[in-house]
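Residue-level listing of the chains:
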Amino acid sequence: DTLINQIAAGEVIERPASVVKELVENALDAGARRIDIDLEEGGVRLIRIRDDGKGIDAGELPLAVSRHATSKIASLDDLEGVATLGFRGEALPSIASVSRFALTSRRQGTEQAASLDVDGGRVGDVMPRPHPQGTTVEVRDLFFNVPARRKFLKAERTELGHIEEWLRQLALARPDVELRVSHNGKPSRRWKGEGDLLSEVRLHEALGEEFARNVLRIDHAGAGLRLHGWIAQPAYNRASADQQYLYVNGRAVRDRSISHAIKQAYADVLFHGRQPAYVLFLELDPRRVDVNVHPAKHEVRFRDARLIHDFVYRTLQDALAHTRA
Ligand code: ADP
Ligand code: MG
């Protein structure tokens, strides 16, 4: 089974940032309000994610690290309307097969905390270990037993940069959750969680003052769709596509059709070769979108892609037209 898990890891776990993504998404699915992320050497030496979510029962720990065991899907019907971030039951076994892994947790409403170590896929015994309510996952020496993959890891700075970029993307979507990051023992970033109002503050922090000053607030609904967030005024545009954040039902995605709609809306007002900056959230009935397209879930497939494209295009074109009036 270790081999199968390592192969699965090849699809989902590319680098430390992919581990951080999977573990933080698990914490969010567990209802965490605060997540601590401790890193060493760009996450290659250590990734430790601690949350205050609902936790895992001691008896369920072995299940959590076994393949296709997910507590999030009970039927095919569920698979169609997935609201949680994870649902394949692959992340923990995959990560545990290519690292020195430890899962420690205390389930809400229970007294007993316990821990389970997995060393390069070899699962140990469940042992009692003190822990407050919630879960800590420790991932040490990523790819220590897969030299071919370890070789492809980049410098500490680069790997840390990927992690930070993913966390920025998350911080924009989840202003309700506090995130505290440390690197090599030093606090490196803190996103305070103070509710909805904070989204503007986070926008400012994440994309800079100039973006925040030049921003148009978008919030438009119709045909069972809602598009909200911020787009930059045409005057604030970029040489590169580095400030383009798109979320579908809270999940950060890349989608050609929607990016095209956004570019189209800007087409009249941006100089050739310039890129719009935006943070946009599209909300729709989960049954109208398939998130089960790619193991890392960066991509989605819409049932009515054309309609959504046109909705996004018209909403933004309208907003931009007002800026020129
Ligand atoms: P998935 O997220 O697709 O269900 P994972 O392999 O990421 O699969 O996690 C397996 C299971 O372990 C989850 O379904 C969940 O029950 C449990 N789990 C993992 N991380 C946490 C966490 N931080 N808090 C509570 N439960 C967790
Ligand atoms: Mg998961």
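Residues numbered from 1 in each chain as written. Chains lettered and ligands numbered in written order. Predicted model: local features only at pLDDT ≥ 70, side-chain atom pairs only at ≥ 80, totals over all residues.

Now for the confidence of the model for the protein chain. Here the protein chain averages 89 in pLDDT, and 90% of its residues register 70 or above. In the model output, the complex is listed with pTM 0.88 alongside ipTM 0.99. (pLDDT = per-residue confidence, 0-100.)

Pairing within the open sheet is mixed, and its 5 strands lie in the order β10-β11-β14-β12-β13. With one partner strand each, in any of the chains shown, β10 (215–222) and β13 (251–252) form the two edges of the open sheet. Summarising the sheet, strand β12 (residues 244–248) and strand β14 (residues 278–283) pair through 5 bridges and their orientation is parallel. Looking across to β14, one finds that Leu-246 is bridged to Leu-280. The strands that helix α7 (residues 156–173) touches are β12, β13 and β14; relative to β12, the one it contacts most, it runs at about 55 degrees. (Pairing = 2+ DSSP bridges. Helix = DSSP H or I, 4+ residues; strand = E, 2+ residues; numbered from the N terminus. Contact = placed C-beta atoms within 7 Å. Axes fitted to C-alpha atoms, helices over the stretch in contact; angles between N-to-C directions.)

Right, let's talk about the nonpolar core for a bit. Membership of the largest hydrophobic core comes to 78 residues, with the highest contact counts inside it found for Ile-95 and Tyr-278. Each of domain 1 (2–191) and domain 2 (209–324) gives at least three residues to this core. Apart from the residues within four sequence positions on either side, Tyr-278 is in contact with Gly-229, Trp-230, Ile-231, Ala-232, Gln-244, Tyr-245 and Ile-262. (Core = buried A, V, L, I, M, F, W, Y, C linked by C-beta atoms within 7 Å. Buried ≥ 20, exposed ≤ 12 C-beta atoms within 10 Å, placed from the backbone. Domains from an automatic or database assignment.)

Moving on, we come to the domain arrangement of the protein chain. Interfaces are frequently sized by the accessible area removed from exposure as the parts join. According to the domain assignment, the protein chain consists of domain 1 (2–191) and domain 2 (209–324). Taking only C-alpha atoms into account, the centre of domain 1 sits 29 Å from that of domain 2.

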